[in-house]
Amino acid sequence: MKGIVKGLGVTLSAALRKPVTIQYPDDRHALPVRERSFPVLTWDFDHDEPFCTGCNICVRNCPVDCMTAVMQDNPKYVEGTSNRRKVVEKFWIDYGRCMRCNICVEVCPFEAIVMDNTWTGHEHSSYDRRDLHMDIDELTKAAREGRIQAFRPQDNIATIEAVIKGEAAPEESFKGGRPEDRQAQLKRIAEGGPAAIQEREPEKPKAAPVTAAGAGAAGAEVEILSESKIRAKRMRAEREAKEYQDRGEPVPQEVLDRVALYTNMKPGEPAAAAGGAGVAAGGEVLTGTNPDGSMRFPPGVGDGPKGDPNSAEKVRARRMRAERKFQELKAAGEEIPEDIAKTLYDLGSDLAPGGSIWATLAPAGAGAGGAAASAGPLTGTNPDGSMRFPPGVGDGPKGDPNSAEKVRARRMRAERKFQELTAAGEEIPEDIAKTLYDLGSDLAPGGSIWATLAPAPPTAAGAAAAPAAGAADEGKMVFPPGIGIGPKGDPNSYEKVRARRMRAERKANEALAAGEPIPEDVAATIRELGGVVPERAN
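Reading the values: rules and limits
- Residues numbered from 1 in each chain as written.
- Predicted model: local features only at pLDDT ≥ 70, side-chain atom pairs only at ≥ 80, totals over all residues.
- Heavy atoms only, no water.
- Helix = DSSP H or I, 4+ residues; strand = E, 2+ residues; numbered from the N terminus.
- Buried < 20%, exposed > 50% of the residue type's maximum accessible area, 1.4 Å probe, protein only.
- Contact = heavy atoms within 4.5 Å.
- Areas by Shrake-Rupley, 256 points an atom, 1.4 Å probe, with all protein chains shown as cover.
- Polar contact = N/O pair within 3.5 Å; in protein donor to acceptor, adjacent residues only side chain to side chain.
- Salt bridge = Lys/Arg side-chain N within 4 Å of Asp/Glu carboxyl O.
- Expected span 1.5 Å × (residues − 1).
- Arc of directions from axis to C-beta.
- Phe/Tyr/Trp six-rings, centres within 6.5 Å; stacked < 30°, edge-to-face > 60°.
- pLDDT = per-residue confidence, 0-100.
- Core = buried A, V, L, I, M, F, W, Y, C linked by side-chain atoms within 4.5 Å.
- 1 Å grid on protein atoms, 1.4 Å probe; cavity = no way out; pocket = protein on both sides within 12 Å on 5 of 7 lines; lining within 4 Å.
- Points joined across faces, edges and corners; volume = space filled by probe spheres on them.
- Nonpolar A, V, L, I, M, F, W, Y, C, P; charged D, E, K, R; others polar.
- Axes fitted to C-alpha atoms, helices over the stretch in contact; angles between N-to-C directions.
- Parallel < 35°, antiparallel > 145°, perpendicular 65-115°, else oblique.
- Left-handed = near helix turned anticlockwise from the far one by under 90°.

What to know about the overall build of the chain
Secondary structure assignment for the chain yields 17 helices and nine strands. By residue count, 32% of the 538 residues in the chain fall in the buried class. In the chain, the proportion of contacts linking residues at least 24 apart, taken out of those at least 6 apart, comes to 57%. Taken as a whole, the chain presents about 32,100 Å² of accessible surface, with 55% of it coming from carbon and sulfur.

And the structure:
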């Protein structure tokens, strides 16, 4: 009896106790400042840029290798609004691999990275692991919005030691991106001031007078830049040109001239006058080697960071292997495989069979008025070697079936399958052929989509231009313009159009042989597909 009463007492005390649960996600506990979720980058509101310089110390110390950082020259240093000569250009963290160990925070010498102590730092559920790859905009968003109260264990330890010794608590050393700094910046902007504090006078660009032999206008000035600044300006011009190409618009000549200017400019030397997209500073046609004997790569190739597949070292190694293999096969009198030929072409080697990429990117003799963008028909790759997709393809958001990543994966799988079937001598299925055509691959059987989207311009003779698809060479049938030009497997492909016409002609002959009139739909099909309706023999 006594035990029953005790048990009922425990039950009643629990029943009358105030509940401790909350209605998540409508209600949330306040997180302590020591809370540690995922690492994010802090923001310097005084100079309106990240604290991170891209030094890669956190990348090298990360035990799970989930971080990547790229450094660049800081343009705000030249403007005088920052004292950092270097600043981060790109930063990625794979939250799917991060184990939240805090090592990156402890080793960072610039107070540029902290562990997010907000609820948004925890809630990253996703259906696709690729959505957990955070770039620099996503990593700095919390700091830019003033939602993080940065915390470092070192500051807490120093405060505890001071309290034990009876001393005043030291001022916190971690001042990266605090909310009060953001409020100060907003107040400065509201008062008509700049977003970044002007630290000193902007640097004047270095310039040197150009002699009459070097430029048409006497007294004109050109830039003298360092290697890093030349590279940065060239990459910006190439990105601008690629934006025009992605929109399907012609690249303006001034953008092409800037690409050619910074491609041929030498560090510490005045730029030579741009003599045309296809001519180097001295007037010679571009080749796969620079005047000093070093390798020249096409725009966008070999400019990746060290260790990247597109780094100068790895690109040079691939090209040298391909050139060595080419020499061996040529000495043995054997045929050059397509993959070797494509590697030589894409990486700018002069040994590329069938012509050099330099003739396509920058045709010889093209003057200042010539447009390098029209130096040949469109293909499935951009001049920088990246994939080109037809308009409307690959422009979806990340994670969408029409995103660039997923479209590229589908096209690469189709191209790989095409190569395997071709090597085995097997027929290409219609779904593979359609995928290659729809996604802009040059391997599409029966013709490329680029010939349809961007047909070659007509010749001066007008009617003497190239014949339409299905021309009567080698005994092929002749179809009206626009008929029989689709890719293999398409209802408008040459094979399927020919089959429809042959079936219609056979039915017409059978009707005549039976003494019956030719059905009107059969006659219409024959006329539509460019055939001649047979007549009854007298």
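Structural notes on the side chain of threonine 118
Following the sequence through the fold, threonine 118 ends up in the loop between strand S6 (113-115) and strand S7 (133-134). Accessibility expressed as a relative area gives 14% for threonine 118, which makes it buried. Only 2.8 Å separates the side chain of threonine 118 from the side chain of aspartate 116, close enough to count as a polar contact. Among the polar contacts made by the side chain of threonine 118, one reaches the side chain of threonine 120 at a distance of 2.9 Å. Those residues in contact with threonine 118, other than ones at most four positions away along the chain, are Leu31 and Arg147.

Some words on the pattern of salt bridges
Summed over all chains, the structure comprises 17 salt bridges. When the shortest N-O distance is used, the salt bridge between arginine 147 and glutamate 145 registers 2.7 Å. On the basis of relative accessibility, which here comes to 35%, the residue glutamate 145 falls in the partly exposed class. When salt bridges that share partners are traced, they join Asp44, Glu49 and Arg84 into one network.

Considerations on helix H8 (residues 227-246)
For H8, spanning 20 residues, the distance from its first C-alpha to its last is 28 Å, which sits close to the expected 28 Å at 1.5 Å a residue. Those residues of H8 that sit buried are Ile230, Arg234, Ala237, Glu238 and Ala241. For H8, the buried positions fall inside an angular range of 100° around the axis, keeping them on one side. Here the buried face of H8 lies against helix H9 (253-264). Where H8 terminates, the next one or two residues include glycine 248, which has phi positive at roughly 75°.

Things to note about the packing of aromatic side chains
In the structure shown here, the tally under the stated rule is three aromatic pairs. Geometrically, the ring pair formed by tyrosine 24 and tryptophan 119 is tilted, given 5.7 Å between the ring centres and 45° between the ring planes. Of this pair, tyrosine 24 sits in the loop between helix H1 (2-16) and strand S1 (39-41) while tryptophan 119 sits in the loop between S6 and S7, and the two are 95 residues apart along the sequence. Exposure remark for tyrosine 24: the relative accessible area of 46% places this residue in the partly exposed category. When its relative accessible area of 27% is taken as the criterion, tryptophan 119 is described as partly exposed.

Side note on the confidence of the model for the chain
When pLDDT is averaged along the chain, the result is 78, and 82% of the positions lie at 70 or above. Taken element by element, the predicted model of the chain shows its lowest mean pLDDT in strand S8 (residues 207-209) (45) and its highest in helix H2 (residues 57-61) (94). pLDDT under 50 marks residues 273-283. Its contacts with residues more than four places away, or in other chains, come to 26 contacts.

Structural notes on unusual backbone geometry
With an omega dihedral of 10°, the bond running from tyrosine 24 to proline 25 counts as a cis peptide bond. By secondary structure assignment, the location of proline 25 is in the loop between H1 and S1. Of note, the phi angle at glutamate 111 is positive, near 50°, even though the residue is not glycine.

A short note on the nonpolar core
Formed by 29 residues in total, the largest nonpolar core has its most connected members in Met67, Phe91, Ile93, Tyr95, Ile113 and Leu139. When residues of this core are traced back to their parent elements, those giving at least two are S1, H2, strand S4 (67-73), strand S5 (86-94), helix H4 (103-107), S6 and helix H5 (136-144). Aside from chain neighbours lying at most four places away, what touches methionine 67 is Cys58, Val59, Cys62, Phe91, Trp92, Ile93, Cys104 and Ile113. Judged by nonpolar contacts, the second largest core, of eleven residues, contains Phe418, Leu421, Ala433 and Ala444.

Considering empty space enclosed by the protein
Summed over all chains, the structure comprises four cavities of 30 Å³ or more. Volume-wise, the largest cavity comes out at about 110 Å³. Forming the walls of the largest cavity are 16 residues, and the residues nearest its centre are Cys52, Cys55, Cys58, Cys108 and Ala112. Of the residues assigned to the lining of the largest cavity, the class counts are 13 nonpolar, three polar and no charged.

Considering the packing of helix H10 (residues 312-331) against helix H11 (residues 338-346)
H11 packs onto H10 with a crossing angle of 130° between their chain directions and a minimal axis gap of 9 Å. Judged by the angle between their axes, H10 and H11 are oblique. Considering the relative orientation of H10 and H11, their crossing is left-handed. From H10, Arg318, Arg319, Ala322, Glu323, Lys325 and Phe326 reach across to H11, where they touch Ile340, Thr343 and Leu344. Across the contact of H10 with H11, the residue classes break down as four nonpolar, one polar and four charged.

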